[in-house]
Amino acid sequence: MTSKKYSYRKLDGTQRRLHSDEFLYCVDAPASAFENEFSLMIWRSWAALGDERPAAIWFRHRADAEPFFTEANPGTRPSLWWHYTWPQLHPGVEPPDDIAALSRQRTPEQVAAQQSFLQRFNLLTAQERKALPKQPRAAKPKLSVIKGDARG
């Protein structure tokens, strides 16, 4: 069996070749992309059981997985990022319950929620800020001043 090969051009312009099911796991690739789909099932079950092996996989591939994923999906992060990197960046601050699952589900509402959350914590890269549409600023409510006695 030959290994599937993937490549991408890093932001600095260099080419990077990838051919690892572990890497595909880190970027939320569909099961059909894996050479061995059984590995994906095992890693997901380990993660659900709180096993540390998926964290080791994430940290081994994170340097390549994050830019690869964010270039293709600006304003979002892969699910393993939410499980292992987010807690290191903001200990004690929990993201909304379903935000880590957003990477796999990808509805427009879920993507917008993840973008908003990352923006609130100033975690968008410069490239992501350029790629994302500008959010209109919320209008400030107009306050009326009523002269007279407020008691009625």
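The model shown is predicted, which means the values in this text are computed figures rather than measured ones.

Procedures and definitions
Residues numbered from 1 in each chain as written. Predicted model: local features only at pLDDT ≥ 70, side-chain atom pairs only at ≥ 80, totals over all residues. Heavy atoms only, no water. pLDDT = per-residue confidence, 0-100. Helix = DSSP H or I, 4+ residues; strand = E, 2+ residues; numbered from the N terminus. Buried < 20%, exposed > 50% of the residue type's maximum accessible area, 1.4 Å probe, protein only. Salt bridge = Lys/Arg side-chain N within 4 Å of Asp/Glu carboxyl O.

Q: Sorry if this is basic, but what is going on with the confidence of the model for the chain here?
A: Any segment with low pLDDT has predicted coordinates that should not be analysed in fine detail. Chain-level statistics for the chain give a pLDDT mean of 77 and a share of 68% at 70 or above. Ranking the elements of the chain by mean pLDDT puts strand β1 (residues 6–9) last with 53 and helix α3 (residues 53–72) first with 90.

Q: Whenever I open this one, unusual backbone geometry confuses me. Can you help?
A: Only a minority of non-glycine residues have a phi that is not negative, and only a minority of peptide bonds are not trans. Even without a glycine there, the phi angle at D28 is positive, about 55°. You can call D28 buried: its relative accessible area is 13%. Although it is not a glycine, N122 adopts a positive phi angle of roughly 55°. Relative to the assigned elements, N122 resides in the loop between α6 (108–120) and α7 (126–131). Judged by relative accessible area, which is 61%, N122 ranks as exposed.

Q: Just to check I follow, could you spell out the pattern of salt bridges for this structure?
A: It is possible for side chains bearing opposite charge to pair when their charged atoms get close. Taken as a whole, this structure holds 4 salt bridges when the rule is applied. With its nearest N and O atoms 2.7 Å apart, the salt bridge here joins R53 to D51. Under the relative-accessibility criterion, D51 is labelled partly exposed at 24%. Salt-bridge contacts for E66 lead to R62; the nearest nitrogen and oxygen are separated by 3.5 Å.

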